[in-house]
Amino acid sequence: MAPVRVVVIGAGFGGLSAARALERPGVEVVVIDSNNFHTFQPLLYQVATAGLDADDICFPVRAHLRKRQRTRFVLGSVTAIDLAGSTVTIDGRRLERFDHLVVAAGSVSSTFGVEGVAEHTFPLKTVTDALALRTHLLSRFERAATATAGEVDLGIAVIGGGPTGVEMAGGLRELIDHVLRKDYPELDLSQVPITLIEAADRVLGPFDPSLSEHASAALRARRITVQLGVGVASVEPGAVLLADGRRVPAGTIVWATGVAGNPVGSLLGVQLGRGNRIPVEADLSLAGHPNVFAIGDIALPPGTPLPQVAQPAIQGGVHVARQIHALIDGRATAPFVYKDKGSMATIGRNHAVAELPNGMKFHGFIGWLMWLALHLVELMGFRNRANVLVNWAWNYLTYDRGSRLLLPSRVEPTTER
Ligand SMILES: Cc1cc2nc3c(=O)[nH]c(=O)nc-3n(C[C@H](O)[C@H](O)[C@H](O)COP(=O)(O)OP(=O)(O)OC[C@H]3O[C@@H](n4cnc5c(N)ncnc54)[C@H](O)[C@@H]3O)c2cc1C
């Protein structure tokens, strides 16, 4: 009998978790991704701030799936989904047939329609975003070194006071204080302004208010201006305009807020829910299509929306694999139950906040050690873990950051052909 074919769109946290759990005799798995690598997004900010290399946080999908006999990888972007015909189209031409489909295409950075965000800010969603931001930052300091004083605005505004914005702001201050001040003795970098802008009345909204307070205090101790309770009206070249009319000048503006479901969701032809996410039933299947599932950032299960973080995607992947096995075996599916494993965010060297599901809270050095350990364990691949550990130890002991290459955008061949 021909194996049951399951197509998984996306090799992120959810897609790979599903693919791993699906593997069993009689099941053929096809994983499709636009990139040939998996990205560990929680450490993107460290790539952007020169603490880690892109290779340290990305892992080739083929290497991950190498030992799985029944799983195949296809590099390409899904451009169409035909639910009636049970096919997906890759890059507008190649068809993949499926018996079951798992949509795990994640989310994309969303501007929320704020004018000027797309043109004048740096998002932080992909490794390309992180490298573009790093290049921009380092280039500005190079330009400032040869310009007249004040000609290049080195100030930075980070929009969004969630974990990404907090980690980014802290990481930027460390990069400037510990590395760039030594690299550019000709510049006075003691007062480079960094402003963190958050529309709510506290940073780290999903955390306990006491941890938000700790985080704000730690940011202020690092000379980061924390601007709370005011939204962004628009962004123009070199400045953020706040809703109350104030203007925050900044040569670099980071957009660290807001994601929306990946546009792949719209290929299903169903009415999308809040944040462009795919509404799914309690078992994570699509209404009227029991063989189609959506998980992770792109999915909107019934009830309170799940946070768009790694754990719902990972747990959702395992859950849908079990439901697909149940369907193959002729059993009924079960609802997805998410187990919250807690939240963490680091503000930088020796400081993080962590909150466990049982209400236990940590901050400062202990929180930071927990943050380091968890991120190392969660990273994919032994080589990546070893590289990250070595880089972190190096950065910690020397106060240095190794990943500061400014690469030309087009490399000319060095030999005649
Ligand atoms: C800067 C940043 C920091 C974060 N920090 C944390 C953190 O500290 N802790 C935490 O738990 N979470 C964090 N998150 C969130 C977490 O990374 C996401 O919730 C998680 O990656 C969602 O998993 P997913 O499988 O739904 O999507 P993803 O992991 O994003 O995977 C989606 C995959 O789909 C692929 N894809 C997209 N479109 C197509 C297409 N058309 N065709 C084929 N493939 C496609 C993508 O290339 C990608 O590989 C962070 C996110 C960001 C951006």
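None of the values given here were measured: they were computed from a predicted structure.

Student: Just checking my understanding: could you explain the overall build of the protein chain for this structure?
Tutor: Counting secondary structure elements, the protein chain contains eleven helices and 26 strands. Taken against the 2.2 N^0.38 rule, which gives 22 Å for 417 residues, the C-alpha radius of gyration of the protein chain at 22 Å falls within 12% of a compact globule. Its C-alpha atoms give the protein chain principal-axis dimensions of roughly 75 × 60 × 40 Å. Sequence-distant contacts in the protein chain: of pairs separated by 6 or more residues, those separated by 24 or more amount to 65%. As displayed, the protein chain offers around 19300 Å² of accessible surface, 55% of which is attributable to carbon and sulfur atoms. Placing the 39 positive and 38 negative side-chain charges of the protein chain at their respective mean positions leaves the two points 6 Å apart.

Student: What should I look at first to understand the nonpolar core in this one?
Tutor: Within soluble globular proteins, side chains that are nonpolar tend to cluster in buried spots. By size, the foremost hydrophobic cluster in this structure holds 62 residues, and its most contacted members are V158, M168, L180 and L189. The biggest single contributor to this core is helix α7 (residues 163–183), with eight residues. There are two domains that each give this core at least three residues, and those are domain 1 (4–34 + 76–109 + 259–328) and domain 2 (117–257 + 342–398). Among residues more than four places away in sequence, those in contact with L180 are L138, F141, L175 and L189. Counting residues in hydrophobic clusters, the runner-up holds 48 residues, among them L22, L65, A105 and I295.

Student: I keep staring at the domain arrangement of the protein chain and nothing clicks. Help me out?
Tutor: It is common to give the size of an interface as the accessible area lost on bringing the parts into contact. The assigned domain composition of the protein chain is domain 1 (4–34 + 76–109 + 259–328) and domain 2 (117–257 + 342–398). Using only C-alpha atoms to locate each centre, domain 1 and domain 2 end up separated by 32 Å. Every contact between the two is made by nine residues of domain 1 and, on the other side, six residues of domain 2. Between domain 1 and domain 2 we count one salt bridge in total. A salt bridge links D297 to K125, with the shortest nitrogen-to-oxygen separation between them at 4.0 Å. Residue assignment for the side of domain 1 that touches domain 2 shows that the elements contributing at least two residues are α1 (13–22), β10 (107–109) and α9 (310–328). Looking at the side of domain 1 that touches domain 2, the element that brings in the most residues is β10, giving three residues.

Student: Even after reading the chapter, I still don't get the pairing of strand β25 (residues 351–355), so can you show me in this structure?
Tutor: Along any regular strand, the residues point their side chains to alternate faces of the sheet. The element β25 is largely enclosed, with a buried count of five among its five residues. Every second residue of β25 is oriented toward a common face, with H351, V353 and E355 on one face and A352 and A354 on the other, all of them buried. Bridging between strand β24 (residues 343–348) and β25 involves five bridges; their strand directions are antiparallel. Along β25, the bridge assignment pairs M344 with A354. Once β24 ends, the chain turns through two residues before running back antiparallel as β25, passing N350 with a positive phi of about 65 degrees. For β25 and strand β26 (residues 361–363), the ladder comprises three bridges, and the chain directions are antiparallel. Each bridged residue has a counterpart across the sheet, and for E355 the counterpart in β26 is K361.

Student: Got a minute to help me understand the sheet that holds strand β5 (residues 71–75) in this structure?
Tutor: Strand pairing within a sheet occurs via backbone hydrogen bonds; the two strands may be parallel or antiparallel. Here six strands make up an open sheet; going across it, the order is β5-β2-β1-β9-β22-β21 and the pairing mixed. The outermost strands of the open sheet, each flanked by one partner alone, are β5 and β21 (285–286). By the bridge criterion, two bridges tie β21 to strand β22 (residues 289–294) in an arrangement that is antiparallel. In the strand pairing of β22, S285 is matched with F293. Here α1 sits on the sheet in contact with β1 (4–9), β2 (27–33) and β9 (100–103), set at roughly 165 degrees to β2.

Student: Sorry, what's going on with helix α10 (residues 364–378) here?
Tutor: Since the α-helix advances by 3.6 residues per turn, residues separated by three or four positions end up pointing in the same direction. Between its first and last C-alpha atoms α10 spans 21 Å; for 15 residues at 1.5 Å apiece the expected length is 21 Å, and the two agree. Those residues of α10 lying buried are G364, G367, W368, W371, L372, H375 and L376. Down the axis of α10, the sector holding all buried residues measures 165 degrees, keeping them to one side. Exposed residues pointing more than 90 degrees away from the buried face of α10 are listed as I366 and V377. If you follow the buried residues of α10, they end up packed against α2 (44–48), α7, β24, β25, β26 and α11 (382–398).

Reading guide: rules and limits
Residues numbered from 1 in each chain as written. Predicted model: local features only at pLDDT ≥ 70, side-chain atom pairs only at ≥ 80, totals over all residues. Heavy atoms only, no water. Helix = DSSP H or I, 4+ residues; strand = E, 2+ residues; numbered from the N terminus. Rg over C-alpha atoms; globule rule 2.2 N^0.38 Å. Contact = heavy atoms within 4.5 Å. Areas by Shrake-Rupley, 256 points an atom, 1.4 Å probe, with all protein chains shown as cover. Lys, Arg positive; Asp, Glu negative; His and termini not counted. Charge placed at Lys NZ, Arg CZ, Asp CG, Glu CD. Core = buried A, V, L, I, M, F, W, Y, C linked by side-chain atoms within 4.5 Å. Buried < 20%, exposed > 50% of the residue type's maximum accessible area, 1.4 Å probe, protein only. Domains from an automatic or database assignment. Salt bridge = Lys/Arg side-chain N within 4 Å of Asp/Glu carboxyl O. Pairing = 2+ DSSP bridges. Axes fitted to C-alpha atoms, helices over the stretch in contact; angles between N-to-C directions. Expected span 1.5 Å × (residues − 1). Arc of directions from axis to C-beta.

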